[in-house]
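This is what each chain is made of:
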Amino acid sequence: HYRKVIEIDPNHLQAHLNLGSVYERMKNWEKVLEEIEIAQKIGKETGNPQALSIAERKLKFFKGRMNMTANKMNRKTQPPFD
């Protein structure tokens, strides 16, 4: 669905960020970084500091998850949370 939204509106920031989250669940880190880069570009081009800030926070979040082991990921995402 997010790809369809992007086909209709290539500058739809939230669709790119959400698609990045989908790629994260698939552990397709290259695609995650691509979507965040696109979101950052949209934020800069539109002069939207909020969009840029969201994209930068998501980038830090995803980079933190990229090197996480499966065990550590489960501890962070499944109850009881550590």
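1. Describing the nonpolar core
Part 1 of the argument: Counting residues in hydrophobic clusters, the biggest one holds 15 residues, and the most contacted among them are Leu13, Leu17, Val32, Ile36 and Ala39.
Part 2 of the argument: Secondary structure elements with two or more residues in this core: helix 2 (13-25), helix 3 (29-45) and helix 4 (49-66).

2. So, the packing of helix 2 against helix 3
Part 1 of the argument: Between helix 2 and helix 3, the least distance of the axes is 8 Å, while the angle of their chain directions is 165°. As far as their axial angle goes, helix 3 and helix 2 are roughly antiparallel. Our pair here, helix 2 against helix 3, has a crossing hand that is left-handed. Between helix 2 and helix 3, the residues in contact are Leu13, His16, Leu17, Leu19, Gly20, Tyr23 and Glu24 and Trp29, Lys31, Val32, Glu35, Ile36, Ile38, Ala39 and Ile42, respectively.

3. Side note on unusual backbone geometry
Part 1 of the argument: Positive phi, close to 60°, is recorded for lysine 27, a residue that is not glycine.
Part 2 of the argument: When you line up the elements, lysine 27 lands in the loop between helix 2 and helix 3.
Part 3 of the argument: Residue lysine 27 is classed as exposed on the basis of its relative accessible area of 52%.

4. Some points on helix 2
Part 1 of the argument: Helix length check: helix 2 (13 residues) gives 19 Å between terminal C-alpha atoms against 18 Å at 1.5 Å per residue, within 8%.
Part 2 of the argument: Regarding helix 2, the residues found buried are Leu13, Ala15, His16, Leu17, Leu19, Gly20, Tyr23 and Glu24.
Part 3 of the argument: Residues of helix 2 that are buried in the fold lie against helix 1 (2-8), helix 3 and helix 4.
Part 4 of the argument: Following helix 2 by one or two positions, lysine 27 has its phi on the positive side, about 60°.

5. Focus: the confidence of the model for the protein
Part 1 of the argument: With 85% of its residues at a pLDDT of 70 or more, the protein shows a mean pLDDT of 86.
Part 2 of the argument: Summarising per-element confidence for the protein, the mean pLDDT is lowest in helix 5 (residues 70-77) (66) and highest in helix 1 (96).

Conventions adopted
- Residues numbered from 1 in each chain as written.
- Predicted model: local features only at pLDDT ≥ 70, side-chain atom pairs only at ≥ 80, totals over all residues.
- Heavy atoms only, no water.
- Core = buried A, V, L, I, M, F, W, Y, C linked by side-chain atoms within 4.5 Å.
- Buried < 20%, exposed > 50% of the residue type's maximum accessible area, 1.4 Å probe, protein only.
- Helix = DSSP H or I, 4+ residues; strand = E, 2+ residues; numbered from the N terminus.
- Axes fitted to C-alpha atoms, helices over the stretch in contact; angles between N-to-C directions.
- Parallel < 35°, antiparallel > 145°, perpendicular 65-115°, else oblique.
- Left-handed = near helix turned anticlockwise from the far one by under 90°.
- Contact = heavy atoms within 4.5 Å.
- Expected span 1.5 Å × (residues − 1).
- pLDDT = per-residue confidence, 0-100.

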